[in-house]
Amino acid sequence: MDEKRVRFSCPLDCFDVCALIATVREGKIIKVEGDKSHPLTKGYVCEKGKQHLHRLYHPERLRYPKKRVKDRWVDISWEEALDEISQKLKKIKRDYGTTAVMHCYDSGYGGLSKSVDKMFFHYYGGVTVPRGSLCWSAGIEAQKYDFGDSKGHDPKDHVNAKMIILWGRNPYNTNLHLMEYLAQAKKQGSYIVLIDPIRTKTAQIASEHIAVKPSTDGALALGMAHVIIEEGLIDQSFIDNHVKGYQEFKKYVASFTPEKVEGITGIDRETIKNLAIAYGANKPSCIIIGYGMQRYSNGGNNVRCIDALGAITGNIGIAGGGINYANKGIADYIKGELEKSLGFVKNQRSYSRTKLGEFLETAQDPPIKCIFVTKANPIVQVPNIHRTMEAFKKVEWKVVIDMFMTDTAKLADIVLPCTSVMEEEDIMYSSMFTSYLNYSDRVVNPPDGIMGEYEFFRALAKKMDMQEYPDIAQTEFLRRAIQPLTDKFGVTLDQLKKTYFAIPDQEIPWKDRQFHTPSGKFELYSEEALKDGVSPIPVYLPPRTGDREYPLRLITPHCKKSLHSQHFAFTDELPVVYINEKTFKANHLKGDRPVSIESKQGTLMAKVKIDEGIGDDLLMIYEGWWHKSGSVNFLTEDAISDIGEQAAFYDCFCRIISI
Ligand SMILES: Nc1nc2c(c(=O)[nH]1)N[C@H]1C(S)=C(S)[C@@H](COP(=O)(O)OP(=O)(O)OC[C@H]3O[C@@H](n4cnc5c(=O)[nH]c(N)nc54)[C@H](O)[C@@H]3O)O[C@H]1N2
Ligand SMILES: Nc1nc2c(c(=O)[nH]1)N[C@H]1C(S)=C(S)[C@@H](COP(=O)(O)OP(=O)(O)OC[C@H]3O[C@@H](n4cnc5c(=O)[nH]c(N)nc54)[C@H](O)[C@@H]3O)O[C@H]1N2
Ligand code: SF4
Ligand SMILES: [Mo]
């Protein structure tokens, strides 16, 4: 029997970037499993990883380019699609200039080969592109002020920590392989604390769960800093040598007594004191910050307040320490043709990702004449969908590339199918967690009728006479992209095919205490922040609150079973809203009847599930449900954070009624 095993990598926007193995029998993939030889994957992966197979052979997968003709979809050939798209793009450039085109992209597929979308629009002359983030930018920019960059410890190193604080992170759902290191650390005696307004399943691994009121983490961290300073648990030598602005910070935290912080956070003063002393006294202590806690109007400063704890206790640059948020090591070494193409941008304009609808409504000189969507599903994933959708619909001409007919694709004029990860040769890495880089082999060829993005943009560039666009094979594109890695570490594409790669000597960031800030120190006082119009020292900004009409806060975090909207594709059930018994009763809800959840932005129907892990006056619904079920972002507001233009998704205030 003809059977082979082919190594590929998960392209989903997830911390783990698992290495996968497909078993192919007589040309058909019959099984997907984790690669046992990969040091992080270790042979086990989540359901979503296995479902790449399900999606590849799914009957609803898009197979041909489609064009909207009146209210019908008509299959067209790739030649027709290329003709129409090239003509339209040329005409828009001539009549309005290139920035009348918006390239709307996100991280729906993490492989390098599909970064050619950006490259194409660079050669086109530069278009309107997103800035800020739906995901993590409040925290990223906060760490940039403090450390100059965002770097994380290798998860293996967490086992060296005497204490680990998981601060608004839910690895049980979102970061499978972190769970294993936490379990190991606990077994070796680490004390693990989870700080989250919701008692998630991650609490099972924690020694203690502290239910903080949403958006008050900054006050909690400042309260801890107050206690640490009072108890003499600071690291004076680290502060003297490597910290800028300690005196200003010390003065500011003087008023954050445990009593005051109890009133803000809902955590009793003894717990705050004990937590601070445990963190300060049990060196090395490690903090792992999640992305949920920064999706607020004060999210950036809250992250800065937490970073400060590492600086005053000297838990930075040491084994078992760290303020881990992201891990931006490897991206610095990925360059090649994409980097080179930046030189062809003549004109560029940006819009705040969160405010897509508002931008489309108001853009002038030129207005947006075309939206080109790749690797994203904005009509489900951006906030305030009603507003966004109305503005999106009004744009004359829209192209979407996707594997399925998403809610965004449904609004397009042309929809192009894309390849699955298993039909591409590619390279994956992530800036969220580790510095591993995986080669991903082509497991099978795409079915007739599907052209991958790499070949599509190459053909489109040819059609549009873009003489300088690199007319090179995909393998060569990948080879050039990793050339800086080859130059620095000697690793080649051929070697990657046989093994995995991680940047050596990155287990403990900031070991040399050379911070990437202007002063070279950890900056509790940041002139850069001041220049950007925000407080130079980390401060506590009071959270937004509900009002009499919309008193309940809705948190919409990430679900274990789906990567955002991708694995909600095949369900049309109502979403589930989680609520505790007290809030259920206080809102006069009845039995197991469906409910209507209403905000200023819109309405959503849902099924109720009582869950005592949810705080008072809180509702929780996982994000990602499609319109056919009811998307949470019909309820959310297009508000942004204090730092980094992050979508403040969880500043969403609602009421709930039985129907
Ligand atoms: N309410 C609320 N909303 C949120 C969040 C939240 O916590 N709450 N979280 C936010 C976060 S953190 C993020 S990162 C964003 C994510 O926002 P998106 O990245 O827009 O979310 P996805 O649902 O993953 O959409 C990716 C799309 O890319 C498609 N795709 C997959 N592979 C390919 C490919 O090879 N080529 C192309 N062209 N397309 C492909 C998928 O089918 C899918 O439709 O959502 C944000 N939205
Ligand atoms: N299965 C799965 N895995 C994923 C994803 C997915 O969609 N599904 N998405 C990937 C992506 S793009 C991202 S960005 C990451 C996100 O990874 P995580 O940050 O782990 O997950 P989130 O669900 O965004 O939020 C984490 C926790 O923050 C808590 N939280 C909310 N508000 C507050 C607050 O005010 N204070 C504190 N302390 N906690 C708060 C939420 O209750 C939630 O439990 O996950 C990645 N991995
Ligand atoms: S979604 Fe994340 S945990 Fe699951 S297989 Fe992909 S990389 Fe691994
Ligand atoms: Mo994200």
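Since we're looking at a predicted model, the values are computed, not measured. (Residues numbered from 1 in each chain as written. Chains lettered and ligands numbered in written order. Predicted model: local features only at pLDDT ≥ 70, side-chain atom pairs only at ≥ 80, totals over all residues. Heavy atoms only, no water.)

Caption draft 1: View of the site of ligand 1. Around ligand 1, the structure places 30 residues, and the nearest of them are Lys114, Asp402, Glu453, Ser565 and Asn633. Within the backbone of Ala376, an N or O atom sits 3.5 Å from an oxygen atom of ligand 1. The side chain of Asn633 places a nitrogen or oxygen atom 2.8 Å from a nitrogen atom of ligand 1. Contact with the protein chains removes 98% of the 920 Å² of surface that ligand 1 exposes when unbound. By residue class, the composition of the shell around ligand 1 is 9 nonpolar, 12 polar and 9 charged. (Near = heavy atom within 4 Å. Polar contact = N/O pair within 3.5 Å; in protein donor to acceptor, adjacent residues only side chain to side chain. Areas by Shrake-Rupley, 256 points an atom, 1.4 Å probe, with all protein chains shown as cover. Nonpolar A, V, L, I, M, F, W, Y, C, P; charged D, E, K, R; others polar.)

Caption draft 2: Highlighting the pattern of salt bridges. Evaluated as defined, the whole model comprises 48 salt bridges. Between Lys88 and Glu84 there is a salt bridge, with its nearest N and O atoms 3.8 Å apart. Highlighted residues: Lys88 and Glu84, both in helix 2 (residues 78-96), separated by 4 residues, approximately one helical turn. The class of Lys88 is partly exposed, set by a relative accessible area of 33%. Judged by its relative accessible area of 18%, Glu84 falls in the buried class. Three or more residues joined by partner-sharing salt bridges are found here, namely Glu337, Lys340, Glu476, Arg479 and Arg480. (Salt bridge = Lys/Arg side-chain N within 4 Å of Asp/Glu carboxyl O. Helix = DSSP H or I, 4+ residues; strand = E, 2+ residues; numbered from the N terminus. Buried < 20%, exposed > 50% of the residue type's maximum accessible area, 1.4 Å probe, protein only.)

Caption draft 3: Geometry of the packing of aromatic side chains. Summed over the entire model, instances satisfying the criterion amount to 31 aromatic pairs. A ring pair is formed by Phe120 and Phe121, whose centres lie 5.1 Å apart and whose planes are at 85 degrees; its orientation type is edge-to-face. Accessibility expressed as a relative area gives 0% for Phe120, which makes it buried. Phe121 sits in the buried class, given a relative accessible area of 1%. An angle of 85 degrees between the planes, with centres 4.9 Å apart, marks the rings of Phe147 and Phe522 as edge-to-face. Placement of Phe147 in the loop between helix 4 (137-146) and strand 8 (163-167) and of Phe522 in strand 21 (residues 522-523) is noted, with a sequence separation of 375 residues between them. (Phe/Tyr/Trp six-rings, centres within 6.5 Å; stacked < 30°, edge-to-face > 60°.)

Caption draft 4: Representation of the sheet that holds strand 3 (residues 28-34). If you walk across this open sheet you meet the 3 strands as 1-2-3, and the pairing is antiparallel. A single partner strand is all that each edge strand has here, and the edge strands are strand 1 (3-9) and strand 3. This sheet shows a mean twist of 25 degrees between the axes of neighbouring strands, independent of strand direction. Both strand 2 (residues 19-25) and strand 3 contribute to a ladder of 6 bridges, which runs antiparallel. What sits directly across from Leu20, in strand 3, is Gly34. Strands strand 2 and strand 3 of the sheet are contacted by helix 1 (residues 47-56), whose axis makes an angle of about 165 degrees with strand 3. (Pairing = 2+ DSSP bridges. Axes fitted to C-alpha atoms, helices over the stretch in contact; angles between N-to-C directions. Contact = heavy atoms within 4.5 Å.)

Caption draft 5: Examining the sheet that holds strand 12 (residues 285-289) more closely. In space, the 5 strands of this open sheet follow the order 10-9-8-12-13, with parallel pairing throughout. Of all the strands in the sheet, just strand 10 (208-210) and strand 13 (323-324) have a single pairing partner and so form its edges. Of the pairings in the sheet, the one linking strand 8 to strand 12 comprises 5 bridges and is parallel in character. Each residue of the ladder has a partner; that of Trp167, found in strand 12, is Ile289. Where helix 6 (residues 176-187) meets the sheet, it contacts strand 8, strand 9 (191-195) and strand 12, and its direction lies at approximately 145 degrees from that of strand 8. On top of the sheet, helix 11 (residues 269-281) reaches strand 8, strand 9, strand 10, strand 12 and strand 13; it is set at about 125 degrees to strand 8, its chief contact.

Caption draft 6: Structural context of the site of ligand 2. As a structural note, the neighbourhood of ligand 2 is formed by 36 residues, with Asp196, Tyr291, Arg295, Tyr296 and Ser562 the closest of them. In the model, an oxygen atom of ligand 2 is placed 3.0 Å from a nitrogen or oxygen of the Asn170 main chain. At a separation of 3.0 Å, a nitrogen atom of ligand 2 approaches a polar backbone atom of Ile195. Along the lines of polarity and charge, the residues of the shell around ligand 2 split into 17 nonpolar, 11 polar and 8 charged.

Caption draft 7: Here's a closer look at the packing of helix 7 (residues 217-230) against helix 12 (residues 299-313). Contact geometry of helix 7 with helix 12 gives a least axis separation of 7 Å together with a crossing angle of 20 degrees. Put simply, helix 7 runs roughly parallel to helix 12. For the element pair helix 7 and helix 12, the recorded crossing hand is left-handed. Only Asn302, Cys305, Ile306, Leu309, Ile312 and Thr313 of helix 12 make contact with helix 7, whose side of the interface consists of Asp217, Gly218, Ala221, Leu222, Met224, Ala225, Ile228 and Ile229. (Parallel < 35°, antiparallel > 145°, perpendicular 65-115°, else oblique. Left-handed = near helix turned anticlockwise from the far one by under 90°.)

Caption draft 8: Highlighting the environment of Tyr44. By the element assignment, Tyr44 lies in the loop between strand 3 and helix 1. On the accessibility criterion, Tyr44 (29% relative accessible area) is partly exposed. Residues Tyr44 and Leu20, spaced 24 residues apart in sequence, show a C-alpha to C-alpha distance of 8.9 Å. Not counting residues within four places of it along the chain, the set of residues in contact with Tyr44 comprises Gly34, Leu176, His177 and Glu180.

Caption draft 9: Representation of helix 17 (residues 453-463). For helix 17, the full list of buried residues reads Glu453, Tyr454, Phe456, Phe457, Arg458, Leu460 and Ala461. Against the buried residues of helix 17 lie helix 2, helix 3 (116-124), strand 15 (370-374), strand 16 (397-402), strand 17 (414-417) and helix 18 (474-481). Downstream of helix 17 by one or two residues, Asp465 has phi in the positive range, about 60 degrees.

Caption draft 10: Structural context of unusual backbone geometry. For the bond running from Lys283 to Pro284, omega is 0 degrees, close enough to zero to count as cis. Tracing the backbone shows Pro284 in the loop between helix 11 and strand 12. Geometrically, the link from Asp365 to Pro366 is a cis peptide bond, its omega value of -5 degrees lying close to zero. Mapped onto the fold, Pro366 is located in the loop between helix 14 (356-362) and strand 15. In this structure, His588 is a non-glycine residue whose phi angle is positive, near 55 degrees. Topologically, His588 is positioned in the loop between helix 22 (581-586) and strand 24 (595-599). You can call His588 exposed: its relative accessible area is 63%.

Caption draft 11: Representation of the domain arrangement of the chain. What the domain assignment reports for the chain is domain 1 (3-56), domain 2 (66-134 + 336-422 + 448-464), domain 3 (137-325 + 522-531) and domain 4 (552-658). In this complex, domain 1 contributes 10 residues to the contact, which on the side of domain 2 involves 9 residues. Buried area between domain 1 and domain 2, summed over both chains or domains, comes out near 810 Å², and the portion from carbon and sulfur atoms is 74%. Counting across the interface, domain 1 meets domain 2 through 1 residue pair in polar contact (both at pLDDT 80 or more). Elements with a contribution of two residues or more to the side of domain 1 that touches domain 2: strand 1, strand 3 and helix 1. Sorting elements by how many residues they give to the side of domain 1 that touches domain 2 places helix 1 first, with 4 residues. Of the residues in the side of domain 1 that touches domain 2, the class split is 6 nonpolar, 2 polar and 2 charged. (Domains from an automatic or database assignment. Buried area = accessible area lost by both parts, 1.4 Å probe.)

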